[in-house]
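Read off the chains here:
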Amino acid sequence: MPRHLLNITDLSMEEIDELMDQADDIMKTPEKYQDCMRHKKLATLFFEPSTRTRLSFEAAMMELGGNVLGFSEASSSSATKGESVCDTVRTVACYADIIAMRHPKEGAPMAAASVCPVPIINAGDGGHNHPTQTLTDLLTIRKEKGRLNQLVVGLCGDLQFGRTVHSLMSAMCRYKSIRFVLISPKELSVPEYLRENLQRDKVSFTEVERLEDVIGTLDILYMTRVQRERFFNEADYVRLKDSYILDTEKMAMARKDLCVMHPLPRVNEISRSVDSDPRACYFKQMLYGKFIREALLMKLLEVKA
Ligand code: ASP
Ligand code: CP
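Residues numbered from 1 in each chain as written. Chains lettered and ligands numbered in written order. Predicted model: local features only at pLDDT ≥ 70, side-chain atom pairs only at ≥ 80, totals over all residues. Heavy atoms only, no water.

K.L.:
Give a description of the nonpolar core that names residues and reports values.
P.N.:
Among the nonpolar cores identified, the biggest contains 57 residues, and Leu-155, Met-172 and Phe-180 are the most heavily contacted of them. The element that contributes the greatest number of residues to this core is helix α11 (residues 282-300), accounting for eight residues. Not counting residues within four places of it along the chain, the set of residues in contact with Leu-155 comprises Val-165, Leu-168, Met-169, Phe-180, Val-181, Leu-182, Ile-183 and Tyr-222. Core analysis: the next-biggest nonpolar cluster, separate from the first, contains 21 residues, Met-223, Tyr-244, Leu-264 and Tyr-282 among them. (Core = buried A, V, L, I, M, F, W, Y, C linked by side-chain atoms within 4.5 Å. Buried < 20%, exposed > 50% of the residue type's maximum accessible area, 1.4 Å probe, protein only. Helix = DSSP H or I, 4+ residues; strand = E, 2+ residues; numbered from the N terminus. Contact = heavy atoms within 4.5 Å.)

In structure tokens form, the structure reads like this:
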């Protein structure tokens, strides 16, 4: 049975530590790794748009000496002729050693994994999960704060549909002394199952609507985009889209060692004037994504340097 990555909790905390150590080593000594994926192929099957995830996976495979194939939109695949996701991955598994897949339907990568003889990586499934973004986020937090325990983590914006938030919460719940501050309009608050998980695991959290009221208490501020593509009604999106805009005025209320993160792409939720603030970590975050994905590809294909 191949090892898939569908949810972040498919990896133990020890395995996540090892991946982060491996990513650090790849960053330090890339030349050691440049041939380790020779003759291996990664297929990127993106049924939904992406810039960072697809291209960082492809760059990761190339930097390890491997090759890539795939598609960046469903319309250029036989999905348009009515082929199922399961038949698609059965096919692609004949041509590639590992598959990274993004799909608008929640659970699609899980269904695909049930029939697929090669590892499947969930690169984002609808409004559900995005585990490789979480690996990127954890590596960023470890590098910027030097720890993953004892943190006050503010998650701000679209907590209802933001899959990166869902995966990050599931991951961070497992560390010690984490307190979540969930900042959203009521209509975009976290799904009930996540709130129940926090209660069950006795993880401390508060839910608020105003960023100004809490920004000064945070170690991490994780901003998110309102997920337009998940709304049924454009008028609701227009009403909610600019609920939060992080600007220099709000940054002035924050701690000197705040770490501002965002999975990107951003729309208006972080003003450009914040980019030059040393506390803005979102561009570093996307860079780390490539290295942690290199480490993940090596782990799932059981390849050593
Ligand atoms: N790029 C992230 C995702 O695909 C976040 C976003 O699109 O807002 O979930
Ligand atoms: N963070 C992220 O998943 O970005 P893309 O949607 O551009 O892949």
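Continuing now.
K.L.:
Kindly report on the site of ligand 2, identifying the contributing residues and their values.
P.N.:
Lining the immediate surroundings of ligand 2 are Ser-50, Thr-51, Arg-52, Thr-53, Arg-102, His-130, Gln-133, Pro-263 and Leu-264. Thr-51 places a polar main-chain atom, nitrogen or oxygen, 2.8 Å from an oxygen atom of ligand 2. Between an oxygen atom of ligand 2 and a side-chain N or O atom of Arg-102, the distance comes to 3.0 Å. When isolated, ligand 2 has an accessible area of 260 Å², and the protein chains bury 91% of it. In the shell around ligand 2, the residues fall into two nonpolar, five polar and two charged. (Near = heavy atom within 4 Å. Polar contact = N/O pair within 3.5 Å; in protein donor to acceptor, adjacent residues only side chain to side chain. Areas by Shrake-Rupley, 256 points an atom, 1.4 Å probe, with all protein chains shown as cover. Nonpolar A, V, L, I, M, F, W, Y, C, P; charged D, E, K, R; others polar.)

K.L.:
Please provide a residue-by-residue account of the site of ligand 1, values included.
P.N.:
Close contacts around ligand 1 come from Arg-102, His-130, Arg-163, Thr-164, Arg-225, Gln-227, Pro-263, Leu-264 and Pro-265, and that covers them all. Taking Arg-102, its side chain carries an N or O atom lying 3.3 Å from an oxygen atom of ligand 1. A distance of 2.9 Å is found between a nitrogen atom of ligand 1 and a backbone nitrogen or oxygen belonging to Leu-264. Looking at the shell around ligand 1 residue by residue, the classes come out as three nonpolar, three polar and three charged.

K.L.:
I'd like a description of the environment of Ser-72, backed by residues and values.
P.N.:
Locating Ser-72 in the fold gives a position in the loop between β2 (67-71) and α3 (85-92). We classify Ser-72 as partly exposed; its relative accessible area is 35%. In this structure, the C-alpha to C-alpha distance between Ser-72 and Thr-51, residues 21 residues apart in sequence, is 9.5 Å. Not counting the four nearest positions on each side in its chain, Ser-72 is found in contact with Phe-46, Glu-48 and Arg-54.

K.L.:
Provide a residue-level description of the pairing of strand β4 (residues 120-125), including the pertinent values.
P.N.:
By the criterion of burial, β4 is predominantly enclosed, with six of the six residues buried. Where strand β3 (residues 98-103) lies against β4, four bridges are found, and the strand directions are parallel. In the strand pairing of β4, His-103 is matched with Asp-125. What joins β3 to β4 is helix α4 (residues 108-113), and the crossover it makes is right-handed. (Pairing = 2+ DSSP bridges. Right-handed = clockwise from strand over helix to strand, strands pointing away.)

K.L.:
So, helix α5 (residues 131-145): which residues are in play, and what are the values?
P.N.:
Spanning 15 residues, α5 covers 21 Å between terminal C-alpha atoms, matching the ideal 21 Å at 1.5 Å per step. Of all 15 residues in α5, 12 are buried, a share of seventy percent or more. Within α5, burial applies to Pro-131, Thr-132, Gln-133, Thr-134, Leu-135, Thr-136, Asp-137, Leu-138, Leu-139, Thr-140, Ile-141 and Lys-145. Two residues or fewer after α5 comes Gly-146, characterised by a positive phi angle close to 75 degrees. (Expected span 1.5 Å × (residues − 1).)

K.L.:
Give me the lowdown on the sheet that holds β4, citing residues and values where you can.
P.N.:
A sheet is described by the order of its strands in space; here four strands give the open sequence β2-β1-β3-β4, paired in parallel fashion. Edge strands, defined here as strands with exactly one partner in the open sheet, are β2 and β4. Strand after strand, the sheet turns through a mean of 15 degrees between neighbouring axes, direction not considered. Bridge analysis of strand β1 (residues 41-46) against β3 gives five bridges, and the strand direction is parallel. (Axes fitted to C-alpha atoms, helices over the stretch in contact; angles between N-to-C directions.)

K.L.:
I'd like a description of the pattern of salt bridges, backed by residues and values.
P.N.:
Once the charged atoms of two side chains with opposite charge are near each other, the side chains can pair. This model, assessed by the stated rule, comprises 28 salt bridges. The residue Arg-195 makes a salt bridge to Glu-192 at a minimum N-O spacing of 2.4 Å. Linking Arg-195 with Glu-192, this pair stays in helix α7 (residues 192-200), spanning three residues, or about one helical turn. With relative accessibility at 13%, the residue Arg-195 sits in the buried group. A residue is classified by how much of its surface remains accessible, and Glu-192, at 42% relative accessible area, is partly exposed. Measuring nitrogen to oxygen at the nearest pair gives 2.7 Å for the salt bridge that ties Arg-266 to Asp-275. When its relative accessible area of 25% is taken as the criterion, Asp-275 is described as partly exposed. Salt bridges here are not isolated pairs; linked through shared partners, they connect Asp-21, Asp-24, Arg-142 and Lys-143. (Salt bridge = Lys/Arg side-chain N within 4 Å of Asp/Glu carboxyl O.)

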